[in-house]
Amino acid sequence: MTAVIRWVAPELQTAPPQPPPPQEQEPTPQPPSVEEIQQIIDSARAEGYARGHAEGLASGQAEIRRIIAQMEGILDAFTRPLARLDAEVGDALADLAVRIAGALLRRSYSADPTLLAALVQEALDMAGAESRQLELRLHPDDIAMLEPYLPAQERVRLVPDLTLARGDLRVHADSVRIDGSLAARLDAALQSIVAREG
């Protein structure tokens, strides 16, 4: 027979508990100094001021643009009637100039009918009285006044025209129309002046 040995479990020795390894302790944050707090406050204030200034500036510029557009609209509304008024005043002054010049010329023609006779002869020459049959239209009173001053021309027929004012004349032929009205003569004179100044 074999001898049996009894097995005995080894004694477990419990080691004294090991303290945990020392952990690196985070340094305790130091409260900011008074100077650092003042810097933080100043920085925040400056940033807020800059942001507020930029927003206020943008808002102010938008408001200024809106006001400028509104003022331009008002000025445009004012200038349109003024431009129309300028045109009306210009037309009225031109009409007045024609009336004054007409009155002065009529007196001149009455005082010296040769002035109107010279104008008539100039219009006939322009139309070529020698080469074609012409119709000379004048106010009836001007025809009576001019008969002694106009040489008889067989190709020219005098036609009284009550639509013409004293001192006005028109020459008609097949393809010729000469407007010798006072308004047309003044317009031609003004165009000549403007052409010289331009």
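Scope of this entry: the structure provided in the associated data block. Sequence positions are assigned chain by chain, starting from 1 and proceeding in written order. The predicted origin of the model limits local features to residues at a pLDDT of at least 70 and limits the giving and counting of side-chain atom pairs to 80 or more, whereas totals for whole chains, interfaces and linings rest on all residues. Computation of side-chain values: all heavy atoms of the structure, hydrogens and water removed.

**Quick notes on the pattern of salt bridges**
Phase 1: Salt bridges are defined as contacts in which a side-chain nitrogen from Lys or Arg sits within 4 Å of a carboxyl oxygen from Asp or Glu. In the structure shown here, the tally under the stated rule is eight salt bridges.
Phase 2: The shortest N-O distance in the salt bridge between Glu-47 and Arg-51 comes to 2.9 Å. With Glu-47 and Arg-51 both in helix α1 (residues 34-111) and four residues apart, this pair spans about one turn of that helix.
Phase 3: Here Glu-47 falls in the partly exposed class, since its relative accessible area comes to 47%.
Phase 4: For Arg-66, the salt bridge goes to Glu-63, with nearest N and O atoms at 2.6 Å. With Arg-66 and Glu-63 both in helix α1, this residue pair falls three residues apart, about one helical turn. Where helices and strands are cited, they refer to DSSP runs of H or I of at least four residues and of E of at least two residues respectively, numbered from the N terminus. Only protein chains enter the accessibility calculation, which uses a 1.4 Å probe. A residue is then buried if its area is under 20% of the maximum for its type, exposed if over 50%, and partly exposed in between.

**A closer look at a nonpolar patch on the surface**
Phase 1: Together, Leu-85, Val-89, Leu-93, Leu-96, Ile-100 and Leu-104 make up a nonpolar patch on the protein surface, roughly 540 Å² of accessible area in all.
Phase 2: Secondary-structure assignment places Ile-100 in helix α1. In this scheme, patches are assembled from residues that exceed 30% relative accessible area and form no salt bridge. Like charges are connected within 9 Å, while nonpolar side chains (Val, Leu, Ile, Met, Phe, Trp, Tyr) are connected within 5 Å. Each accessible area is a Shrake-Rupley result for a 1.4 Å probe, and residues are judged covered by the shown protein chains and nothing else.

**A look at helix α2 (residues 113-127)**
A turn of α-helix holds 3.6 residues, and therefore any two residues three or four places apart point the same way.
Phase 1: An ideal rise of 1.5 Å per residue puts 21 Å on 15 residues; α2 measures up with 21 Å between its terminal C-alpha atoms.
Phase 2: Turning to α2, its buried residues are Pro-113, Leu-116, Ala-117, Leu-119, Val-120, Ala-123, Leu-124 and Ala-127. Down the axis, α2 shows its buried residues gathered within 160° of arc, on one side only.
Phase 3: Positive backbone phi, approximately 80°, marks Gly-128, located one or two places after α2. Here the expected span of a helix is defined as 1.5 Å times the quantity of residues minus one. The directions from the helix axis to the C-beta atoms form the arc being described.

**Some thoughts on the nonpolar core**
Phase 1: Only buried residues count toward a nonpolar core, which is a set of Ala, Val, Leu, Ile, Met, Phe, Trp, Tyr and Cys residues joined through side-chain atoms within 4.5 Å. Counting 21 residues, the largest nonpolar core has Val-120, Leu-136, Leu-138, Leu-146, Leu-169 and Val-171 as its most contacted members.
Phase 2: With seven residues, the single largest contributor to this core is α2.

**Structural notes on the environment of Asp-141**
Phase 1: Relative to the assigned elements, Asp-141 resides in helix α3 (residues 140-146).
Phase 2: For the pair formed by Asp-141 and Leu-162, sequence separation is 21 residues and the distance between their alpha carbons is 9.4 Å.

**A short note on the pairing of strand β2 (residues 156-160)**
The side chains of a regular strand alternate, first on one face of the sheet and then on the other.
Phase 1: A strand pair is defined by DSSP finding two or more bridges across the two strands. The pairing of strand β1 (residues 134-138) with β2 spans five bridges and is classified as parallel. Across the sheet, Leu-136 pairs through a bridge with Leu-158, a residue of β2.
Phase 2: For the handedness criterion, the β-α-β arrangement of β1, α3 and β2 is classed as right-handed. By the criterion used throughout, a crossover qualifies as right-handed when its path from the first strand across the helix to the second strand runs clockwise, the strands pointing away from the viewer.

**Details of the side chain of Glu-135**
Phase 1: Checked against the element boundaries, Glu-135 lands in strand β1.
Phase 2: Under this definition, polar contacts are N or O atom pairs within 3.5 Å; protein pairs additionally need one hydrogen-donor-capable and one acceptor-capable atom, and for neighbouring residues in sequence, both atoms have to be side-chain atoms. A polar contact is formed between the side chain of Glu-135 and the side chain of Arg-137, at a distance of 2.9 Å.
Phase 3: Here the side chain of Glu-135 touches Arg-157 through a polar contact of 2.5 Å, side chain to side chain.
Phase 4: Whether two residues are in contact is decided by their heavy atoms, any of which lying within 4.5 Å being enough. In this structure Glu-135 touches Arg-157, Val-159, Arg-170, Val-171 and His-172, once residues within four positions along its chain are discounted.

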